[in-house]
Amino acid sequence: QVLLVESGGGLVQAGGSLRLSCAASGRTFSMYAMAWFRQTAGNERELVAAISRTGMTKYADSVKGRFTISRDNAKNTAYLQMNSLKPEETAVYYCAAKATTVNSLSYYQGPFDSWGRGTQVTVSS
């Protein structure tokens, strides 16, 4: 497992942007697929975006074209750039990591091994 710490959440107006960061501990970050999930009260946690060890990406249909997931293995950090945010995207956003083989095509599928504590994103209308 790896320790994950999210940052970058906050309050933004509808149509605005935020960039979330997920800092990972340890020296094996490059061996993990990374993902961002979000959850609102009373709802299940949903996958927002995932990135494989080799940079393949997967997005929820609702965020395609607006969100971008990326990773910097030298900094042990994953990012989620969120543009054109909508009020309904107000949620707690979680970072997750999953150890995978280098060419795994199931990098975006659970279960994920490690989770951060989450960062609140609030989009005002």
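Residues numbered from 1 in each chain as written. Predicted model: local features only at pLDDT ≥ 70, side-chain atom pairs only at ≥ 80, totals over all residues. Heavy atoms only, no water.

Observations regarding the overall build of the protein
When helices and strands are tallied, the protein shows zero helices and eleven strands. Along the protein, helices (α) and strands (β) appear in the sequence β-β-β-β-β-β-β-β-β-β-β when read from the amino end. Here the C-alpha radius of gyration of the protein, 14 Å, is about what a compact globule of 125 residues would show, namely 14 Å. With respect to the three principal axes, the spread of C-alpha positions in the protein is 40 × 25 × 25 Å. Counting only residues that meet the buried cut, the protein has 43% of its 125 residues in that class. As presented, the protein carries roughly 6400 Å² of accessible surface, and 48% of it is formed by carbon and sulfur atoms. Treating the 13 positive side-chain charges of the protein as one cloud and the 8 negative ones as another, the clouds have centres 7 Å apart. (Helix = DSSP H or I, 4+ residues; strand = E, 2+ residues; numbered from the N terminus. Rg over C-alpha atoms; globule rule 2.2 N^0.38 Å. Buried < 20%, exposed > 50% of the residue type's maximum accessible area, 1.4 Å probe, protein only. Areas by Shrake-Rupley, 256 points an atom, 1.4 Å probe, with all protein chains shown as cover. Lys, Arg positive; Asp, Glu negative; His and termini not counted. Charge placed at Lys NZ, Arg CZ, Asp CG, Glu CD.)

Here we look at the environment of Gln 81
The topology assignment puts Gln 81 in strand β8 (residues 77–82). Sequence separation of Gln 81 and Gly 8 is 73 residues, and the distance between their C-alpha atoms is 10.0 Å. Setting aside its immediate chain neighbours within four residues, Gln 81 contacts Ser 17, Leu 18, Arg 19, Arg 66, Phe 67 and Thr 68. Here Asn 83 takes part through its side chain, which lies 2.9 Å from a polar atom of the side chain of Gln 81. (Contact = heavy atoms within 4.5 Å. Polar contact = N/O pair within 3.5 Å; in protein donor to acceptor, adjacent residues only side chain to side chain.)

Section: unusual backbone geometry
With an omega of 0°, the peptide bond running from Gly 110 to Pro 111 counts as cis. Here Pro 111 lies in the loop between β9 (91–99) and β10 (114–115). Of note in the backbone geometry, Ser 84 takes a positive phi value of approximately 50° without being a glycine. Positionally, Ser 84 belongs in the loop between β8 and β9.

Concerning the environment of Ser 25
On the secondary structure map, Ser 25 appears in the loop between β3 (18–24) and β4 (32–39). What makes Ser 25 partly exposed here is its relative accessible area of 32%. Not counting residues up to four positions away in its chain, the partners in contact with Ser 25 are Val 2, Leu 3 and Asn 76.

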